[in-house]
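Close look at the chain arrangement
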Amino acid sequence: MERWLKVIVPVLLLGCFCSAVFSQTTGKISGTVIDGESGEPLPGANVMIRGTSHGAAADLQGEFYLINVPPGSYEIEARMMGYATMLMKNVRIYVNRTTPVDFSMHQSVIQGEVVTVQADKIVLKKDQTSSIRNITSEEIERLPAENISTVVRMQPGVVGNNFRGGRDNEVTYLIDGVAITDAYNNTARTSNVNPEVVEDVEVITGTFNAEYGNAMSGVVNVITKDGSNALHGNFSANLGNYMTPHKDIFKGIKDSEFDRIKDYKGSLSGSIVPDKLFFVVNGRYNKNLGYLTAERLFNVDDYSDFSAQEEYNWYYEHTGDSAIVPFNWGEYYDGFAKLTYKPFHSFRVTGSLTWNKGDGKSYSHSARFNPDGRSPWHNETTMGSLHINQMFGRSAFYELKASYSDYWTGGYLYEDPLDSRYIHDQYRQSDGTWFQTGGQDKGHSNRTEKKENLKFDFTYQVNKQHSLKAGLDFTRINLNQEYHTIRNAFEGTGIENDITYTFAGQNFNTIDEIIAWIDTTDLAPGRYYLGQEYLNYEPIIYGNESTHTDMFEVTPVQFSCYLQDKMEFDLMVVNLGLRFDYFNPKTVYPSDYRNPGNQTDLDNPDRLSTYIDADPKYQVSPRLGLSYDLHGVALLRFAYGHFLQLPPLNYFYQNSAFVIGTSDFGTTMGNAQLNPQKTIQYEVGLFQQLTDNMNMEIAVWYKDIYDLVTAEVKTTYSNRRYGLYTNKDYGNARGLELKYDFKYDAINVGLNYTFSYAKGVADNARSTFDRAGNQQDPVNKLINMGWDQRHTLNLTLGYNKMNYGATILGYYNSNQPYTWSPIPQSSLFALNMFPNNQYKPSRISADLNAFYNLGTYRGISMRLTLLVYNLFDTLNENGVNGETGRAYTAIVQDTDLSGYRSLFSTYEDTYQNPSAYSSPREVKLGLGFTF
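Notes on the structure follow. (Residues numbered from 1 in each chain as written. Predicted model: local features only at pLDDT ≥ 70, side-chain atom pairs only at ≥ 80, totals over all residues. Heavy atoms only, no water.)

1. Focus: the overall build of the protein
Counting secondary structure elements, the protein contains eight helices and 52 strands. Computed over its C-alpha atoms, the radius of gyration of the protein comes to 31 Å, within 12% of the 30 Å expected for a compact globule of 931 residues. Put simply, the protein has 931 residues, and 53% of those count as buried. Approximately 40,100 Å² of the protein is accessible, and the part contributed by carbon and sulfur atoms is 54%. (Helix = DSSP H or I, 4+ residues; strand = E, 2+ residues; numbered from the N terminus. Rg over C-alpha atoms; globule rule 2.2 N^0.38 Å. Buried < 20%, exposed > 50% of the residue type's maximum accessible area, 1.4 Å probe, protein only. Areas by Shrake-Rupley, 256 points an atom, 1.4 Å probe, with all protein chains shown as cover.)

Below, the structure written as structure tokens:
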């Protein structure tokens, strides 16, 4: 209860105190009303959204517009005295978009006559000036996708988690306009909602308007559903398993285990006060034991030693139960609740709560015989938001959004780093054999990120041609990072490695004592195990003055404002905007990076650092987008913009005590003076309506990426070399995107294709630093990035009727780079060999989503569902051997075999890693109830 109050109270306070004054969550309708016979405009015609009081009257030119319309499917009606009422059904409104709706009315003498028409399935997107894709709730429901990430990855321009050749931390994710990207590394999403409560997903892979910031490559905005007067519910239970013949690779998977995957979810929506107060609630529990397993051959306190050449001198202790256990499992809880209050049509208040919790364990091949020594991961988020939307007349409205999120993530074996169950580090040593034969992970991390956000947007439709929008955004983040490597309190005492032995139930201090005892004892024939125990161990953690610890608590602030004008003319739309961003890291940096922590030269004041307040960062970024209507069947567009993004906060604050380790290249340090990273992007696109049911969109783009973060080598006065994060790296990307859609009756066909190049000098911020530490030559030219993928193709084929249907989604991903390493005949071979110099095999896969309605009883419909991932059970190679370029293989030499010593594994086991392959075929059967 206390955790929920910590979220609810700040949100309410922010909303109450700031009502004076995140990205927009509504769309717009614009069109004309004319006489069907003469083509003359019908001024004064009333256009309304059916079931609401939201409407407008046509002007003297017969033109009208409706702003501030939430995304969804609507019925729009036009009324005029002496004319038959015209009703247009299935008009789809998208976030941040203008939907054209035109009425051609006919005179009628029959009172109450209504002419009903269906909205066009394919509408020319006149106001689209960049690559924006909107995926509706109906489209998501048909796809073989159980999370929004899958929907995003199938869009053109997206390769895995990389948008248009950028790094995977260059994308901003939002829920109802509120940012949910973690600030520490810019890759994880702190909150998540299930597809059942999603109304619209806006995916922007290229240039974007000034209202969006802190992103260089893309924006994903998820808009959730509102409740309605009708009560709706959906509950389903799904069970599944991995059905594969490749049991030699994915060991321990049994076809009979059809509860290996459990997935239960439910939604309920309706009204509490009809026409005034609406609600949506959703929950999900999902447990997946995974497709990778381990054999518990060893317990964590087993000790083995295969360092000797002779087998009779090997020491082998294995007391595990040899059970096959899941080793890439995950358990997830998700909850979502939303209240919408509409006291009158021009005012709306929405409050929402999102809760997510997850625990799991990631596969480690070296620990496959010692799974209990592997640390699991944990995370939990509670996010609350309050949105106020109010219209002023028919031409202006504001949106005020206040949100608070509390995100925690951790990785550890035991919650208490001083837990007595931690054992001596010597149990982890595995001389002679590649696999762990005991021991534990000793890393212990806890990180919390509490984010307060307040955003105000004001939109004014000056006239039919000009829509002005301005906004302010303030964010304060409390980031608390605590990482420790658990050490031994007896370290450095000289007795930390004292041991005792157990043999045949007796304790001994030395091996000689055991031999002497055997000589004088009449032992019964049999197999006896020699046990070894380290006597002096006590877990301890150190303060921030140690290189084994990284702790900091900071509260940086961000502020931004923007102004943009959307100019919609008959044949042209212009989006023009300017954005200003401010960031204050609120920390210090050392004056002398040759002695940043004052660890040396204490008697020389000239070589001692003082600590200076970091400078606030300012940035201005212009945005421009143009689209030109080509005779109502095609749209030509151009966009240009500067897009700036703060580096992950980890690069600002890491090693905040400025401590340099005793070994070269063993330390990296954050830099509070980092500047924003910058992308300059150009894009040209063409949308072509081929028929009433078919369209095609093509875009070509290019971008330069500046000031990417890299760890630069610094040298101390004592000649210790370490890494300091700086803005230095460069990259560029270019490509072509093609999108094709065909919709006819129950048939749906979609094709998304991306052709791209992604080049730079480093895959990540540590690449250059690590090469220097390995005494390799620096990369002095642009090379292919690790995510560079020439061809990406997604094909969707669907046939969906009212009571049955199926959709197949096929993927083709061409080769991605890897670093080929020849057989090392000389240590000099790697000095001038650049990374990403060869390509892996391409990957192909297909997923299936099918349903069949069993019938309806007393208003409750029953539905049977089948979901299959990797339908054809393709062995796609995600990871490959550096020498062979293929998974599960290696070039084995005689020295490899002779140098490998083990009584429980073979040398082949070391490189036959099942995690190098993607997931095998996953089958889920579900039964759902809907009302």
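2. Notes on the sheet that holds strand β13 (residues 171-175)
Strand order in the open sheet formed by five strands is β10-β15-β16-β13-β14, with mixed pairing between adjacent strands. Edge positions in the sheet fall to β10 (132-136) and β14 (178-179), since each has one partner strand and no second. In this sheet, strand β16 (residues 218-224) lies alongside β13 in parallel orientation, the contact comprising five bridges. When the bridges of β16 are listed, Y173 appears paired with V220. (Pairing = 2+ DSSP bridges.)

3. Quick notes on the side chain of S304
Within the secondary structure, S304 is located in the loop between β20 (293-295) and β21 (324-326). Within polar-contact distance, the side chain of S304 engages the backbone nitrogen of E317 at 3.1 Å. If we skip the residues at most four places from it in the chain, S304 touches F298, Y315, Y316, E317, Q429 and T437. (Polar contact = N/O pair within 3.5 Å; in protein donor to acceptor, adjacent residues only side chain to side chain. Contact = heavy atoms within 4.5 Å.)

4. A look at the pattern of salt bridges
Inspection of the entire model under this criterion finds 48 salt bridges. One salt bridge in this structure joins R97 and D127, with 3.8 Å as the shortest N-O distance. Within this pair, whereas R97 is found in the loop between β6 (85-93) and β7 (98-100), its partner D127 is found in the loop between β9 (114-118) and β10, the two being separated by 30 residues in sequence. In this structure, D372 and R296 form a salt bridge, with 2.9 Å as the shortest nitrogen-oxygen distance. You can see D372 sitting in the loop between β23 (347-360) and β24 (377-392) and its partner R296 sitting in the loop between β20 and β21, a full 76 residues away along the chain. With a relative accessible area of 31%, D372 lands in the partly exposed category. We classify R296 as buried; its relative accessible area is 17%. Three or more residues joined by partner-sharing salt bridges are found here, namely R133, R164, R637, E683, E697 and E737. (Salt bridge = Lys/Arg side-chain N within 4 Å of Asp/Glu carboxyl O.)

5. Quick look at the sheet that holds β9
The strand order across the open sheet built from five strands is β3-β2-β5-β6-β9, with neighbouring strands paired in mixed fashion. Of all strands in the sheet, those bounded by a partner on one side alone are β3 (55-57) and β9. Taking the axes of each pair of neighbouring strands and ignoring which way they run, one obtains an average angle of 20° across the sheet. Here strand β2 (residues 46-49) pairs with strand β5 (residues 72-79) via four bridges, running antiparallel. Along β5, the bridge assignment pairs I49 with I76. (Axes fitted to C-alpha atoms, helices over the stretch in contact; angles between N-to-C directions.)

6. So, the environment of T116
Locating T116 in the fold gives a position in strand β9. Each C-alpha atom of the pair T116 and L738 lies 35 Å from the other, and the pair is 622 residues apart in sequence. Not counting residues up to four positions away in its chain, the partners in contact with T116 are L87 and K89.

7. Thoughts on the packing of aromatic side chains
Counting across every chain of the model gives 43 aromatic pairs. A ring pair is formed by F344 and F347, whose centres lie 5.8 Å apart and whose planes are at 35°; its orientation type is tilted. Owing to a relative accessible area of 46%, F344 belongs among the partly exposed residues under this scheme. Ring centres 5.1 Å apart and planes at 80° place the aromatic pair F369 and F435 in the edge-to-face group. (Phe/Tyr/Trp six-rings, centres within 6.5 Å; stacked < 30°, edge-to-face > 60°.)

8. Here we look at the nonpolar core
By size, the foremost hydrophobic cluster in this structure holds 27 residues, and its most contacted members are F163, V201 and V220. Where this core is concerned, the elements lending two or more residues are α3 (148-153), β13, β15 (198-204), β16 and β47 (804-813). Excluding its chain neighbours within four sequence positions, the residues that come into contact with V220 are V152, F163, V171, T172, Y173, L174, V201, E202 and V203. (Core = buried A, V, L, I, M, F, W, Y, C linked by side-chain atoms within 4.5 Å.)

9. Focus on the pairing of strand β25 (residues 396-411)
Here β25 lies mainly inside the structure; 16 of its 16 residues are buried. Sheet topology note: the β24/β25 ladder contains 16 bridges and is antiparallel. Along β25, the bridge assignment pairs M383 with S405. Connecting β24 to the next strand, β25, in antiparallel fashion are three residues, including G393 with a positive phi near 70°.

10. Focus: the side chain of Q677
Relative to the helices and strands, Q677 resides in strand β41 (residues 677-691). Residue classification places Q677 among the buried residues on the basis of a relative accessible area of 3%. Here V709 takes part through its backbone nitrogen, which lies 3.1 Å from a polar atom of the side chain of Q677.

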